[in-house]
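Understanding the architecture of this molecule
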Amino acid sequence: MGPEIVIAVVSAAVALISVAVTYRTALVTHRLQVEARNREKVEVAEDLFRRYRVPLLASADSLQDRLHNVLSRNYLRTYLHSGDSESQHYVRHNTVYVLAEHLAWLEVLRREQRFLDLDSVKSTKELFTAIQRIHHPLATDGLPGPFHVFRGHQRAIGEVMLHRVESSEGPVTDVLGYAAFCHRLETDPGFASWFTRLLAEVDDVEAQGRRGNERLVLLQNALVELIELLDPEGGWLPLEQRERLPRTELILPTSRTPNG
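What comes next concerns the included structure. Just so it is clear, the structure is predicted and the values come from calculations on it, not from any experiment.

Turning our attention to the overall build of the protein chain. Counting its regular elements, the protein chain contains 9 helices and 2 strands. Starting at the N terminus, the α and β elements of the protein chain follow one another as α-α-α-α-α-β-β-α-α-α-α. Out of the 260 residues in the protein chain, the part that is buried amounts to 40%. Within the protein chain, counting contacts between residues at least 6 apart in sequence, those at least 24 apart form 74% of the total. Split by element, the accessible area of the protein chain, about 14,500 Å² in all, is 55% carbon and sulfur.

This is the structure in structure tokens:
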């Protein structure tokens, strides 16, 4: 074998080794970049959890506790027929408020998440699956009873409940408190129009009993599931305060759920 052939063979071998090394380096670099992006997504997801866990938990607990009291402890019957106009006003307005407050925090979280690529983060997928289970009972027309609120209407209620406040880190989005909510109902007809039907339907909730309010039973169950996801060990909310309302036999097919 002549020297020219040897040189050519060696050059080809060196070239192949170089290509292989370059390819392997590219694979390792790509893998490291993917791992770095995944770590970043997890960190972003954890930051979302840290920022919104407490208000989500508090609003979910307020709503599920109110539904539990309404459907198992005659809360509405006690106060709507008390003859005390102040108590009657409170139970109607505050019952609608705790629903609106929770929808507002869900809207805040949706806005924060919509521009973030977090679909591959397991904890985020679980959170938004749990949130969809909250939207579903309100939106479906496959369940009887009052408080049927289309998904777009749910988002609108959440939206009108939001306002900007100043903080040490600059302007942040917050949710109206109960006093501000009542004031807006009295002074802002556009704001009040989103809640007129719900306020009237509080009396319908009281009249229909648990069987006629399966929508709210399922909503209460879904809220407890969200609480268990956000606070599995009971570090924020006591475990014994997470009792699910029993579901009745009247469960209609979920396929009837509209996308509205």
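Closest axis-to-axis distance for the helix α3 (residues 85–113)/helix α8 (residues 196–208) pair is 9 Å, and the angle between their directions is 115 degrees. Considering only the axes of α3 and α8, their crossing is right-handed. Note on element contacts: α8 touches α3 through Leu-198, Leu-199, Val-202 and Asp-203, opposite Val-91, Arg-92, His-93, Thr-95, Val-96 and Leu-99. Residues of the contact of α3 with α8, tallied by class, amount to 6 nonpolar, 2 polar and 2 charged.

Residues Leu-76, Val-96, Phe-147, Met-161, Phe-181, Phe-195 and Leu-219 are the most contacted members of the largest nonpolar core, which totals 56 residues. Among the elements of the structure, α1 (3–72), α2 (75–80), α3, α4 (122–139), α6 (178–187), α7 (189–193), α8 and α9 (214–230) are those that each provide at least two residues to this core. It is α3 that contributes the most residues to this core, 12 residues altogether. Met-161 has contacts with Tyr-97, Ala-100, Glu-101, Ala-104, Asp-174, Val-175, Leu-176, Phe-181, Phe-191 and Phe-195, leaving out every residue within four places of it along the chain.

Here we come to the packing of aromatic side chains. All told, the structure shown has 8 aromatic pairs when counted by the stated rule. Pairing Tyr-52 with Trp-105 gives two aromatic rings, centres 6.4 Å apart and planes at 50 degrees, and the pair type is tilted. Of this pair, Tyr-52 sits in helix α1 while Trp-105 sits in helix α3, and the two are 53 residues apart along the sequence. For the pair Tyr-52 and Trp-105, a shared accessibility class is recorded, and that class is buried. The interplanar angle of 55 degrees and the centroid separation of 5.3 Å between the aromatic rings of Tyr-97 and Phe-181 together place this pair among those described as tilted. Taken as a pair, Tyr-97 in helix α3 and Phe-181 in helix α6 lie far apart in primary sequence, 84 residues in all. The exposure class of Phe-181 is buried, given its relative accessible area of 0%. Site record: aromatic cluster; members linked through ring pairs are Tyr-90, Tyr-97, Tyr-178, Phe-181, Phe-191 and Phe-195.

Enumeration according to the criterion identifies 10 salt bridges in this entry. Linking Arg-155 and Glu-107 is a salt bridge whose minimum nitrogen-to-oxygen distance equals 3.4 Å. Remark: Glu-107 occurs in helix α3 and Arg-155 occurs in helix α5 (residues 151–160); sequence separation between them is 48 residues. For Asp-188, the salt bridge goes to Arg-184, with nearest N and O atoms at 3.2 Å. You can call Asp-188 partly exposed: its relative accessible area is 27%. Judged by its relative accessible area of 26%, Arg-184 is partly exposed. Among the ionic contacts, a cluster of salt bridges with common partners joins Glu-107, Arg-110, Arg-111 and Arg-155.

Conventions we followed
- Residues numbered from 1 in each chain as written.
- Predicted model: local features only at pLDDT ≥ 70, side-chain atom pairs only at ≥ 80, totals over all residues.
- Heavy atoms only, no water.
- Helix = DSSP H or I, 4+ residues; strand = E, 2+ residues; numbered from the N terminus.
- Buried < 20%, exposed > 50% of the residue type's maximum accessible area, 1.4 Å probe, protein only.
- Contact = heavy atoms within 4.5 Å.
- Areas by Shrake-Rupley, 256 points an atom, 1.4 Å probe, with all protein chains shown as cover.
- Axes fitted to C-alpha atoms, helices over the stretch in contact; angles between N-to-C directions.
- Left-handed = near helix turned anticlockwise from the far one by under 90°.
- Nonpolar A, V, L, I, M, F, W, Y, C, P; charged D, E, K, R; others polar.
- Core = buried A, V, L, I, M, F, W, Y, C linked by side-chain atoms within 4.5 Å.
- Phe/Tyr/Trp six-rings, centres within 6.5 Å; stacked < 30°, edge-to-face > 60°.
- Salt bridge = Lys/Arg side-chain N within 4 Å of Asp/Glu carboxyl O.

Everything listed here is a matter of geometry and, on its own, says nothing about what the molecule does.
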